[in-house]
Amino acid sequence: MALDEIIISRAIIDRYYEKLTSCLSSDVAIVGGGPSGLVAGYFLAKAGKKVALFERKLSVGGGMWGGGMLFNEIVVQKEALRILDVFGVNHRPYDDDHFTADAVETVATITGMAVRAGLAVFNCISVEDVMMHPDKVEGLVINWSPVEMAGLHVDPLTVRAKFVIDTTGHDTEVVKVVENKMAGKLDTPTGKIEGEKSMWAERAEADTLVNTREIFPGLYVAGMAANAVAGGPRMGPIFGGMLLSGEKVADELIKRLEG
Ligand code: 48F
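This is a predicted model, so every value here is computed, not measured.

Student: Help me understand a nonpolar patch on the surface, please; the structure alone is not making it clear to me.
Tutor: A surface patch of nonpolar side chains, about 550 Å² in accessible area, is lined by Met1, Leu3, Ile8 and Ile12. Following the sequence through the fold, Ile8 ends up in helix H1 (residues 5–22). Residue Ile8 is classed as partly exposed on the basis of its relative accessible area, which comes to 46%.

Student: In this structure, what is going on with the site of the ligand? I would like to understand it.
Tutor: Not every one of the 27 residues close to the ligand is listed here, only the nearest: Ser36, Glu55, Gly63, Glu173 and Met224. Here Glu55 contributes a side-chain N or O atom positioned 2.6 Å from an oxygen atom of the ligand. Between an oxygen atom of the ligand and a side-chain N or O atom of His170, the distance comes to 3.4 Å. Of all the secondary structure elements, the ones that give two or more residues to the shell around the ligand are helix H2 (35–46), strand E2 (51–55) and strand E7 (125–132). By residue number, the principal contributor to the shell around the ligand is E7, which donates 3 residues. Taken together, the residues of the shell around the ligand break down into 10 nonpolar, 13 polar and 4 charged.

Student: It is not clear to me how the nonpolar core should be interpreted in this structure. Could you clarify?
Tutor: In a soluble, globular protein the nonpolar side chains are often hidden away together inside. Formed by 45 residues in total, the largest nonpolar core has its most connected members in Ile30, Leu44, Ile165 and Leu253. If near-sequence neighbours (up to four positions away) are discounted, Ile165 is found in contact with Val28, Ala29, Ile30, Val31, Ala40, Leu44, Tyr220, Ala222, Val249 and Leu253.

Student: Sorry if this is basic, but what is going on with the packing of aromatic side chains here?
Tutor: Two measures describe an aromatic ring pair: the distance that separates the ring centres and the angle between the ring planes. With the rule as written, the count across this model stands at 7 aromatic pairs. Between Tyr16 and Phe122, the ring centres sit 6.0 Å apart and the planes meet at 90 degrees, which makes this aromatic pair edge-to-face. Placement of the pair is Tyr16 in helix H1 and Phe122 in strand E6 (residues 120–123), with a sequence separation of 106 residues. Given the relative accessible area of 27%, Tyr16 is considered partly exposed. Classification of Phe122 as buried rests on a relative accessible area of 0%. Ring centres of Phe163 and Tyr220 lie 6.1 Å apart, and the angle between their planes is 85 degrees; on these two criteria the pair is classed as edge-to-face. Taken together, the positions of Phe163 in strand E9 (residues 157–166) and Tyr220 in strand E12 (residues 219–221) put the pair 57 residues apart, joining distant regions of the chain. Residue Phe163 shares its accessibility class with Tyr220, and that shared class is buried. Here the basic side chain of Lys136 rests over the ring of Phe163, its NZ or CZ set 5.7 Å away from the ring centre.

Student: What should I look at first to understand the pairing of strand E5 (residues 98–102) in this one?
Tutor: Remark: a regular strand shows side chains that alternate across the two faces of the sheet. Where strand E3 (residues 73–77) meets E5, 5 bridges bridge the pair, whose relative direction is antiparallel. Bridging from a neighbouring strand, Glu73 pairs with Asp102 of E5. Here strand E4 (residues 92–93) pairs with E5 via 2 bridges, running antiparallel. Across the sheet, Arg92 pairs through a bridge with Thr100, a residue of E5. Once E4 ends, the chain turns through 4 residues before running back antiparallel as E5.

Student: When you look at the environment of Ala230 in this model, what are you seeing that I'm missing?
Tutor: Note that Ala230 resides in helix H8 (residues 224–230). Apart from residues lying up to four places away in sequence, Ala230 is in contact with Glu194 and Asn211.

Parameters and conventions
- Residues numbered from 1 in each chain as written.
- Predicted model: local features only at pLDDT ≥ 70, side-chain atom pairs only at ≥ 80, totals over all residues.
- Heavy atoms only, no water.
- Patch = residues over 30% accessible without salt bridge, like charges linked within 9 Å, V, L, I, M, F, W, Y side chains within 5 Å.
- Areas by Shrake-Rupley, 256 points an atom, 1.4 Å probe, with all protein chains shown as cover.
- Salt bridge = Lys/Arg side-chain N within 4 Å of Asp/Glu carboxyl O.
- Helix = DSSP H or I, 4+ residues; strand = E, 2+ residues; numbered from the N terminus.
- Buried < 20%, exposed > 50% of the residue type's maximum accessible area, 1.4 Å probe, protein only.
- Near = heavy atom within 4 Å.
- Polar contact = N/O pair within 3.5 Å; in protein donor to acceptor, adjacent residues only side chain to side chain.
- Nonpolar A, V, L, I, M, F, W, Y, C, P; charged D, E, K, R; others polar.
- Core = buried A, V, L, I, M, F, W, Y, C linked by side-chain atoms within 4.5 Å.
- Contact = heavy atoms within 4.5 Å.
- Phe/Tyr/Trp six-rings, centres within 6.5 Å; stacked < 30°, edge-to-face > 60°.
- Lys NZ or Arg CZ within 6 Å of the ring centre and 35° of its normal.
- Pairing = 2+ DSSP bridges.

Dropping the structure here:
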């Protein structure tokens, strides 16, 4: 065995560089590595699409690790169990309508399978803007999260994508940029972000699917972001809607890319 510190460094740099340069142009760029973004990334990658996911934090998983109030179990409704089954995530019934899964197993398993399917995950990178050409979203402007956190004046880099998905959850960060900086209106009743409403789990879960769609040319919303943009309620620690939303946006984009 002859381990060499410089080769270790070179291997990391080369491999990361390969991954990043291969995603300078992709079919789909996903912003946010919560449950909806990860599931969307899995199905798109599985279908052979080039797909990159940018996550601000060091770890993907978004709001799923902590279950509800840090009790790391999640609830999933019957209709969404088939998505857990795609990934082989264990679940058990609590009653006829509510099922539970271990939050850590769910995040870890979905993430692992998504990366193995070909999803390129870039953690610790924040999306700060979009690329517009001129009235369609055509990519993302990205920077290291530590640069953002330190408030350093460092210019970002840009990646191109045929479609962008905002899965940034409650904050709807990409849609906010588009609302503030691009000409034209969002596809909502007021043309603006309607804003999330208070907790109503059953309604919110149904709305999440309906609200998962293209909100501006080139820009889709999925997961909690879809409800926040459309004025739907929040749902709390029930995650079936997030999983189904990720699947729906992937299905729609696969059709668009192949159509
Ligand atoms: O919030 P999050 O888990 O999104 P989601 O898939 O799931 C929502 C649920 O967790 C829960 C809920 C219902 O069950 O309401 O909250 O809709 O994950 C969003 C991810 O996006 C990242 C953020 O760090 C989180 O991991 N994120 C947010 N803004 C940016 C970002 C950004 N500008 N650039 C990169 N990542």
